[in-house]
Amino acid sequence: MLSALSSLDVSIDEAAQVPTLTLAPRQLHHYLVGLQSIRSRLDALLCSVTADADRAAVQTTTGHRSTASSIGASTNADPGLISADRVLGRWLDEFPLFADAFAAGILTRRHVHALKKIDIPRTHLDLIEAQQYLIDAAAGCTWRDFAHVLRYWLLGADPDGDEPAEHKRGRRGSIRTLADGMVKQVNYFDPLTGAAVKNAVDTRAKAFWRADLDAAARATDDEFTARTHAQRMADASAELQIGGHHATAPPGSPPLIHIVMSEEVAEDALTRLADPDGVAAGRYPSIDPDRLPLDAHDVDGRCELIDGTPIHPAEAVAFLSRATLRRLILGPDCEVLDLGRAVRGFPRRLHQALLASGRGRCAFDGCDSPVSWLEADHVFPWAKGGRTSLRNGQLLCGPHNRAKGATINPDPPIPPQRE
Ligand SMILES: [Zn+2]
């Protein structure tokens, strides 16, 4: 046992000696990826050993009241964190496949934490059954996509719609002045109201990012420092609430939220809207636990925000009376087959179709930019004769769009795209 600890200690010392600042960016990237996966494995080890220590009641050797306080007192670590390790470790007793995947570095601590959160009485047995499926999902997608998979999985466990009512009741907000005079604001919204608020703030923050880039390009002064992302988010919130000159959307401006529904879900939702007393009391046929659109290419059964966040159809129904509906038919691989005719200009229609089929992701693998940052882009550059069409379209976030322009065609620069 002691030799295992000392060889780990030596290995960490060696790793700390790596001159990271002299590594090429690619090497540094690999190094950090490796370290992150080792951290995950260490987290897994800590959870399982802490659970074992708890079972063995190690605190009896020091006289503390719990394992967490005993280990905390010997290490100066926060007993709350040790206790959280113990809780995760004990929870994994019932989920051996999750425990193995965690130990192997396939699941991270955050994955396990998120999985534990969806282990509620009505899902417990299903979750035990679904272990391998959810591990595969976690291994094959980004963290954000995995969160969406879990959301859908939970909707499948809640076909009657208890959750939307809980969301509505759960809205709350606070704003208070802190001791140093800063003001802190915290709000919780139901998913759809929250999406509209988030969309508005993200959109403003992106406009600020553009303005900052321009200012940086013009700046002759070495002292120039751009705002951080967090500062732009704060500025955007303040402007929207206090009312800067962009704050109010002009009448007839585009809707603030996009909801993507499959035909089946939309028809059911519209029927409920027309007859709120009749069908509304019943179950939602569109939520079939065995046929949820968990895969990125699944089309049937979709009910989600345009960034792929699943929402309960009951939540969407409440918004439908204020919505503009557009038809967009996707083929089996999320390929856009028909766009409908309700939209005016081609570019916006193209943009929305790309958003819906790509679930609001930047085409750059693993990028987590928010939807409001995405720009329609020509796969084959427009400047070289690429067509403005769905087939030649993809969505890239602002930074990746610029990066692409810089790597593919540094000289001459690609002219501004006209779509
Ligand atoms: Zn991106």
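Coordinates for the structure precede this section.
Quantities reported herein were computed from a predicted structural model and do not represent experimental measurements. (Residues numbered from 1 in each chain as written. Predicted model: local features only at pLDDT ≥ 70, side-chain atom pairs only at ≥ 80, totals over all residues. Heavy atoms only, no water.)

Student: Explanation requested: the environment of Thr 177 in the structure shown.
Tutor: Relative to the helices and strands, Thr 177 is located in strand S1 (residues 172-177). Owing to a relative accessible area of 56%, Thr 177 belongs among the exposed residues under this scheme. Residue contacts for Thr 177: discarding those within four places in its chain leaves Met 182 and Val 183. (Helix = DSSP H or I, 4+ residues; strand = E, 2+ residues; numbered from the N terminus. Buried < 20%, exposed > 50% of the residue type's maximum accessible area, 1.4 Å probe, protein only. Contact = heavy atoms within 4.5 Å.)

Student: Would you take a moment to explain the nonpolar core for this structure?
Tutor: Nonpolar side chains in soluble globular proteins tend to be buried together. Residues Trp 91, Phe 98, Leu 107, Leu 115, Leu 127 and Leu 134 are the most contacted members of the largest nonpolar core, which totals 31 residues. Residue assignment for this core shows that the elements contributing at least two residues are helix H2 (25-55), helix H4 (79-91), helix H5 (96-103), helix H6 (109-117), helix H8 (131-140) and helix H9 (143-156). Element by element, the count of residues in this core is highest for H9, at 7 residues. (Core = buried A, V, L, I, M, F, W, Y, C linked by side-chain atoms within 4.5 Å.)

Student: How should the coordination of the zinc ion be read in this particular structure?
Tutor: As a benchmark, a tetrahedral metal site with four donors has ideal angles of 109.5 degrees, while an octahedral site with six donors has ideal angles of 90 or 180 degrees. For the zinc ion, the full set of protein donor atoms is Cys 362 (SG), Cys 367 (SG), Cys 397 (SG) and His 400 (ND1), and the range of their distances to it is 2.0 to 2.3 Å. Here the zinc ion is ringed by 4 donor atoms whose angles at the metal span 103 to 118°, and the overall shape comes out tetrahedral. Ordering the donors of the zinc ion by residue number gives the pattern C-x4-C-x29-C-x2-H. Residue Cys 362 is located in the loop between helix H15 (346-357) and strand S7 (374-378), and its partner His 400 is located in helix H16 (residues 398-408); the two are separated by 38 residues in the primary sequence. (Donors = N, O, S within 2.8 Å, 3.2 Å for Na, K, Ca; no water. Tetrahedral: all angles 85-135°; square planar, octahedral: opposite > 155°, others 65-115°.)

Student: Is there a simple way to explain unusual backbone geometry in this structure?
Tutor: As a rule of thumb, non-glycine residues mostly have phi less than zero, and peptide bonds are mostly trans rather than cis. Residues other than glycine seldom take positive phi values, yet Ala 57 does so here, at roughly 50°. If you trace the backbone, Ala 57 turns up in the loop between H2 and helix H3 (67-75). For Ala 57, a relative accessible area of 25% puts it in the partly exposed group. Non-glycine residue Arg 359 carries a positive phi angle of around 50°. Note on placement: Arg 359 falls in the loop between H15 and S7.

Student: Can you help me understand the packing of aromatic side chains in this one?
Tutor: The way to describe two aromatic rings as a pair is by their centre distance and the angle between their planes. Scanning the model with the defined rule gives 5 aromatic pairs in all. Their ring planes at 20° and their centres at 5.5 Å tell us that Phe 95 and Phe 98 sit as a pair that is stacked. Owing to a relative accessible area of 0%, Phe 95 belongs among the buried residues under this scheme. Assessed through its relative accessible area of 0%, Phe 98 is described here as buried. With a centroid separation of 4.9 Å and 50° between ring planes, the pair formed by Trp 209 and Trp 373 is classed as tilted. Of the two residues, Trp 209 is situated in helix H11 (residues 191-218) and Trp 373 in the loop between H15 and S7; the sequence distance between them amounts to 164 residues. Trp 209 sits in the buried class, given a relative accessible area of 11%. The exposure class of Trp 373 is buried, given its relative accessible area of 6%. These aromatic residues form a ring-pair network of at least three members: Trp 91, Phe 95 and Phe 98. If you follow Arg 172 out to its NZ or CZ, it ends over the ring of Tyr 188, 3.9 Å from the centre. The aromatic ring of Phe 208 is capped on one face by Arg 227, whose charged end is 4.6 Å from the ring centroid. (Phe/Tyr/Trp six-rings, centres within 6.5 Å; stacked < 30°, edge-to-face > 60°. Lys NZ or Arg CZ within 6 Å of the ring centre and 35° of its normal.)

Student: Please clarify how the packing of helix H13 (residues 263-274) against helix H14 (residues 313-320) should be interpreted in this entry.
Tutor: Any two packed helices are characterised by how steeply their axes cross, that is the angle between the axes, and by the distance between the axes. Two elements in contact, H13 and H14, have axes separated by 9 Å at closest approach and are oriented at 60°. Judged on the interaxial angle alone, H14 and H13 are oblique. Seen from above, H13 lies across H14 with right-handed handedness. The segment H13 lies against H14, with Val 265, Ala 269, Leu 270, Arg 272 and Leu 273 engaging Pro 313, Val 317 and Leu 320. Taken together, the residues that form the contact of H13 with H14 break down as 7 nonpolar, no polar and 1 charged. (Axes fitted to C-alpha atoms, helices over the stretch in contact; angles between N-to-C directions. Parallel < 35°, antiparallel > 145°, perpendicular 65-115°, else oblique. Left-handed = near helix turned anticlockwise from the far one by under 90°. Nonpolar A, V, L, I, M, F, W, Y, C, P; charged D, E, K, R; others polar.)

These values are about where atoms sit, not about what they do.
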